[in-house]
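Each chain is listed here by its residues.
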Amino acid sequence: GTQAQSICFISKEVLMSSSNTLSAFLYCSTLDPTQPISTVADIVKAAREKNTQLQLTGILIFDGQCFCQYLEGPESAISSVLASIYQDQRHADVNLQFHGPVDGERQFKDWGIAYGELEQDLSLEHITEFQGDEALHLFRQLLPSLDYC
């Protein structure tokens, strides 16, 4: 009856607000045209150190011009990294495709940050046309074609 429903509702709400909830964001941006291509390696190196400390995992994909990054972990860390990305002069046109709780296990649990480059004929541009779960879905479809390092 209604009593059971309200108990379920309460316990679900408690679960949602618990610090164990996995949050994630996905954004695309453009490498600032004034930056040398070596900047990409610097970003990856710094992200690996920082993300490990913050218990964040994820992947950065670069197609020669655009970045697409997916990060997962505790919401407080996710939000703080996102804020620093918006401030980072090396990124132009930061476009947030997804930010919120995600279900299930971490997708990149062994990676402080995995790094992948897209083949010449593929571009990240089409992802930027989508938001939310659709963007996440498109992004996940890209993953099997990547070589991480």
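Just above, that's the structure.
Residues numbered from 1 in each chain as written. Predicted model: local features only at pLDDT ≥ 70, side-chain atom pairs only at ≥ 80, totals over all residues. Heavy atoms only, no water.

Novice: Give a description of the nonpolar core that names residues and reports values.
Specialist: If you look at the biggest cluster of nonpolar residues, it comprises 23 residues, and the most contacted ones within it are Ile 59, Ile 61, Tyr 70, Ile 127 and Phe 139. Residue assignment for this core shows that the elements contributing at least two residues are β1 (23-31), β2 (57-62), β3 (66-73) and α4 (132-142). By size, the runner-up hydrophobic cluster in this structure holds 19 residues, among which are Ala 77, Val 81, Leu 82 and Ile 85. (Core = buried A, V, L, I, M, F, W, Y, C linked by side-chain atoms within 4.5 Å. Buried < 20%, exposed > 50% of the residue type's maximum accessible area, 1.4 Å probe, protein only. Helix = DSSP H or I, 4+ residues; strand = E, 2+ residues; numbered from the N terminus.)

Novice: Tell me about unusual backbone geometry, and please be specific about residues and values.
Specialist: The backbone phi angle of Gln 55 is positive, close to 60°, even though this residue is not glycine. Inspection of the secondary structure puts Gln 55 in the loop between α2 (39-54) and β2. Take Gln 55: its relative accessible area is 54%, and that puts it in the exposed class. Residue Asp 93 is not a glycine yet carries a positive backbone phi of 50°.

Novice: For the state of the cysteines, give the residues involved together with the corresponding values.
Specialist: As used here, a disulfide is simply a covalent bond connecting the sulfur atoms of two cysteines. All chains considered together, the criterion is met by zero disulfides. Free cysteine: Cys 68, not disulfide-bonded; nearest cysteine sulfur from Cys 28 at 3.3 Å. Assessed through its relative accessible area of 0%, Cys 68 is described here as buried. (Disulfide = S-S within 2.5 Å.)

Novice: Explain the pattern of salt bridges residue by residue, including any values.
Specialist: Applying the stated criterion across every chain, the model contains two salt bridges. One salt bridge connects Glu 49 with Lys 45, and the closest N-O pair in it is separated by 3.6 Å. A residue pair is termed a helical-turn pair when its members lie 3 or 4 positions apart in one helix, as Glu 49 and Lys 45 do in helix α2 at four residues. Residue classification places Glu 49 among the partly exposed positions, given a relative accessible area of 48%. The class for Lys 45 is exposed, based on a relative accessible area of 56%. Across the pair Arg 90 and Asp 88 runs a salt bridge, and its minimum N-O distance is 2.8 Å. Its relative accessible area of 25% is what places Arg 90 among the partly exposed residues. (Salt bridge = Lys/Arg side-chain N within 4 Å of Asp/Glu carboxyl O.)

Novice: Now, about the packing of aromatic side chains: what can you tell me, with residues and values included?
Specialist: Across all of its chains, the model carries six aromatic pairs by this definition. Plain terms: the ring middles of Phe 25 and Tyr 27 are 5.9 Å apart, the flat faces sit at 40° to each other, and that makes the pair tilted. The buried category is assigned to Phe 25, whose relative accessible area is 0%. Measuring from centroid to centroid gives 5.9 Å for Phe 108 and Tyr 148, while their planes differ by 55°, and the two rings are tilted. You can see Phe 108 sitting in the loop between β4 (91-101) and β5 (114-117) and its partner Tyr 148 sitting in the segment after α4, a full 40 residues away along the chain. With a relative accessible area of 32%, Tyr 148 lands in the partly exposed category. (Phe/Tyr/Trp six-rings, centres within 6.5 Å; stacked < 30°, edge-to-face > 60°.)

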